[in-house]
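Here is how the chains run, residue by residue.
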Amino acid sequence: MQESKPTSPFLYGIKPEVIDYYRKSTSEVSKLLGHNSGNILFVRAIYEHTDPCCIADWDEELSRTDLQSKTCIIPSANFLGPHADMGFMNSKIKNFEGLILSIGLGSQSDDSNRPLSIPAGTREWLDIISSKCKPNTQNIAVRGSSTLNDLDAIGMAGNAVITGCPSNFLSDDPRLGESIARKLPHIFERVCVASGHYKWDYLKSIEQDLLKLASETGGFYVMQSPSEMIALGLNKLQEMDVSVQEAIRCFCYPESSSEEFEKLVRRIFKVYLNVSDWMLDMSKHSLVIGARIHGVMAGIQAGVPSLCIAHDPRTIELCQEMKIPYLTREQVTSGLDKAKVAQALDIDWNAYDRRRALLLERYYSFLASNGVTPSRCLARLKAQLCEQQAGS
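What counts and how
- Sequence order as written defines residue numbering, which begins from 1 separately in each chain.
- A pLDDT threshold of at least 70 governs which residues receive local features in this predicted model, and a stricter bar of 80 or more applies before side-chain atom pairs are shown or counted, although totals over entire chains, interfaces and linings include all residues.
- Hydrogens and water are ignored here; the side-chain numbers use all heavy atoms of the structure.
- By the criteria applied, helices consist of DSSP H or I runs no shorter than four residues and strands consist of E runs no shorter than two, each listed in order from the N terminus.
- Each residue's exposure class comes from its accessible area (1.4 Å probe, protein chains only) as a fraction of the maximum for that residue type: buried when under 20%, exposed when over 50%, partly exposed otherwise.
- A pair of strands is treated as paired once DSSP finds two or more bridges between them.
- Any two residues whose heavy atoms approach within 4.5 Å are treated as being in contact.
- Polar contact is the term for a pair of N or O atoms within 3.5 Å; when the atoms are in protein, one must be able to donate a hydrogen and the other to accept it, and sequence-neighboring residues count only if both atoms are side-chain atoms.
- Sulfur atoms of two cysteines make up a disulfide when they are within 2.5 Å.

K.L.:
Got a minute to help me understand unusual backbone geometry in this structure?
P.N.:
With the exception of glycine, most residues fall at negative phi, and the peptide bonds are largely trans. For the bond from Ser225 to Pro226, the omega torsion is 0°, close enough to zero to count as cis. Tracing the sequence through the fold places Pro226 in the loop between strand 8 (221-222) and helix 8 (227-233). Backbone geometry places Lys323, a non-glycine residue, at a positive phi of 60°. Its location among the elements puts Lys323 in the loop between helix 13 (313-322) and strand 12 (326-328). We classify Lys323 as partly exposed; its relative accessible area is 41%.

K.L.:
In this structure, what is going on with the pairing of strand 4 (residues 100-105)? I would like to understand it.
P.N.:
The side chains of a regular strand alternate, residue by residue, between the two faces of the sheet. Burial within strand 4 is extensive, with six of its six residues counted as buried. In this structure, strand 4 lies alongside strand 5 (residues 140-142), joined through three bridges in parallel fashion. In the strand pairing of strand 5, Ser102 is matched with Ile140.

K.L.:
How do you make sense of the environment of Leu345 when you look at a structure like this?
P.N.:
Along the chain, Leu345 falls in helix 14 (residues 338-345). Judged by its relative accessible area of 1%, Leu345 is buried. For the pair formed by Leu345 and Leu307, sequence separation is 38 residues and the distance between their alpha carbons is 6.7 Å. Among all residues touching Leu345, those that are not within four sequence positions of it are Leu184, Ile187, Leu287, Pro305, Ser306, Leu307 and Pro325.

K.L.:
Before we go on, may I ask you to explain the side chain of Ser286 in this structure?
P.N.:
Mapped onto the fold, Ser286 is located in the loop between helix 11 (275-283) and strand 10 (287-290). Residue classification places Ser286 among the buried positions, given a relative accessible area of 11%. Here the side chain of Ser286 touches Glu189 through a polar contact of 3.1 Å, landing on its backbone nitrogen. At 2.7 Å, the side chain of Ser286 forms a polar contact with the backbone nitrogen of Arg190.

K.L.:
How do you make sense of the state of the cysteines when you look at a structure like this?
P.N.:
In protein chemistry, a disulfide is the covalent bond that joins the sulfur atoms of two cysteines. Here the structure, examined in full by the defined rule, presents zero disulfides. With no disulfide of its own, Cys54 lies 3.8 Å from the sulfur of Cys53, the closest cysteine sulfur. No disulfide involves Cys386; its sulfur sits 15 Å from the nearest other cysteine sulfur, which is in Cys377. Judged by its relative accessible area of 37%, Cys386 is partly exposed.

Now the structure itself:
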């Protein structure tokens, strides 16, 4: 435990936007996005909520004298699971003299079987972070109860609190769910799809139906990951291997010729490199749907009815924790029609608002108790949500 009083925080990780993308290769852009453009939504939220003095890249040393007296905030995403060994960071954070917060930490695995396999390097990473907190304070904010249970299995739950994803607090509308509910009668006017991974064969037929719906309604098909699909969103087909381009075509638009597919790519395939453009475009749609939780969250924060195809335990956890409407992989196996989409969106959106208020209260207290002054925009939203819940 540490008792030193931190000054302003800094973020340790990727930046919330990519600039001058046209001077960069797709692989460079993908790396700056953390290999998934959904990361910028998550990081942008933390950036707006904490007013950091700077962002230090993972390649940088934290021994810099200008950082030692500050609080280090690590946007943590899905770092728990056999797929990720965070040990590469340990030597840097171990020697860091300030406080450390982990925000947005989540588990990821192919199934819900437990106990979750966590590499030794990640366990040490958790130990180091837990040691760099104020006395009697939790310094790890996790996405949901499944992640908390995974930490409990290795004796680390005492340092954690459930706050959902910080991107849930990007919109400054205190009645966001209520606003979304009013738009439900018009959801199929213009549909945006948060596209899945082209190797997710189990979602292939659903993806094809969704792409057709987006194309027919003049909506966008938004890429997040992997880099091959980001290349399509950047209209950099010339950087792609022809066989990979063909594999993506077969995944989402198999009835098209290569020429027809390229025309569709140029017309509706998108990738976002900053959150402002992303949310602006989402606000011009009537529905956002797909297997990418942050693509769906961009729609919700833009005030648009949005539905997640929750295809793995990670996305199910986030949807359940934040009361985001979703359909499971099993529920869409037989197909996805408009009636099923409308039914899935027919939830108690006031319950979403109530849950959002509760999670924000926890998130705000988490920051404040760790010596991080919540930003004015976050304080304003908290006050408005408290007032709304008091009057309901």
